[in-house]
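Chain by chain, the residues:
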Amino acid sequence: MTTVSLPDRVAVVRRGQVLTWATIAYNSLEAVLSIGAGLLAGSIALVGFGLDSLLELTSSLAGLWRLRMDAAPARRAHAERVALRAIGVCFLCLAAYILADASWTLVNREAPEESLLGIGIAIGSLIAMPLLARAKRRVAARLASRALTAEARQTEICTYLSAILLGGLLATALFGWWWADPLAGLVMVPLVAWEGVAAVRGRTVCADCCDPLDA
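These figures come from a predicted structure and were not determined experimentally. (Residues numbered from 1 in each chain as written. Predicted model: local features only at pLDDT ≥ 70, side-chain atom pairs only at ≥ 80, totals over all residues. Heavy atoms only, no water.)

Colleague: Would you take a moment to explain the packing of helix α2 (residues 44-68) against helix α3 (residues 73-108) for this structure?
Modeller: Geometry of a packed helix pair, given as the angle between the helix axes and the separation of the axes. Close contact between α2 and α3 brings their axes to 9 Å; oriented N to C, the two are set at 175°. Classified by the angle their axes make, α2 and α3 are roughly antiparallel. When grouped by side-chain class, the residues that make up the contact of α2 with α3 number 16 nonpolar, five polar and five charged. (Axes fitted to C-alpha atoms, helices over the stretch in contact; angles between N-to-C directions. Helix = DSSP H or I, 4+ residues; strand = E, 2+ residues; numbered from the N terminus. Parallel < 35°, antiparallel > 145°, perpendicular 65-115°, else oblique. Nonpolar A, V, L, I, M, F, W, Y, C, P; charged D, E, K, R; others polar.)

In structure tokens, the structure reads:
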């Protein structure tokens, strides 16, 4: 087991807080732009992406609370459990929404309009999210935190969702394939639901790989 001095741990926590606040700021802007653009274009994938940003915002707030509780080991353990389950519930809520709304769109054949703003949002997220996710995963590993690992994982999933979203929007804009957009939304569901179940059960994809720094 690796140990770390208290000042070093405090520095890691502060870095985690800065990264989490950066994620909150980005996701707030992303949510407003995505939902607005999605409603204007009638794009379920784009609206779903915006709602994902809101849910990721909620997860980031849970992660921020977990970081604030890090100084006291007893409170840290409780915060770890609560934050991890809260993040898992966010995943499951997102999966349920996308499944219902995308299915409705396919059944009713509601064709979205092309959205250049949506395409720009997806490209921006493809650039920003991997950088934030990588940095936050390092913080989670150093603190041996399953909750922070899950929160970083949700940021990483945002990268995948950005790629799926971009594919659906481009298919609509270039080829007029109206069904590509809701299908892009449905592709998100298994991945998001899997992560949600894992988090609610108290596990994350990479939690066992964390390098613990304390007992």
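Colleague: It is not clear to me how the state of the cysteines should be interpreted in this structure. Could you clarify?
Modeller: What is meant by a disulfide is a covalent connection between two cysteines, made through their sulfur atoms. Inspection of the entire model under this criterion finds zero disulfides. In this model C90 remains outside any disulfide bridge; the closest cysteine sulfur is found in C93, 6.6 Å from its own. With a relative accessible area of 8%, C90 lands in the buried category. (Disulfide = S-S within 2.5 Å. Buried < 20%, exposed > 50% of the residue type's maximum accessible area, 1.4 Å probe, protein only.)

Colleague: Just checking my understanding: could you explain the nonpolar core for this structure?
Modeller: Side chains that are nonpolar tend, in soluble globular proteins, to be buried together. Of all hydrophobic cores here, the largest spans 41 residues; its most connected members are F49, L143, L161, L165 and V192. Ranked by residues supplied to this core, first place goes to helix α4 (residues 116-143) with 10 residues. Not counting the four nearest positions on each side in its chain, V192 is found in contact with F91, L94, A95, I157 and L161. (Core = buried A, V, L, I, M, F, W, Y, C linked by side-chain atoms within 4.5 Å. Contact = heavy atoms within 4.5 Å.)

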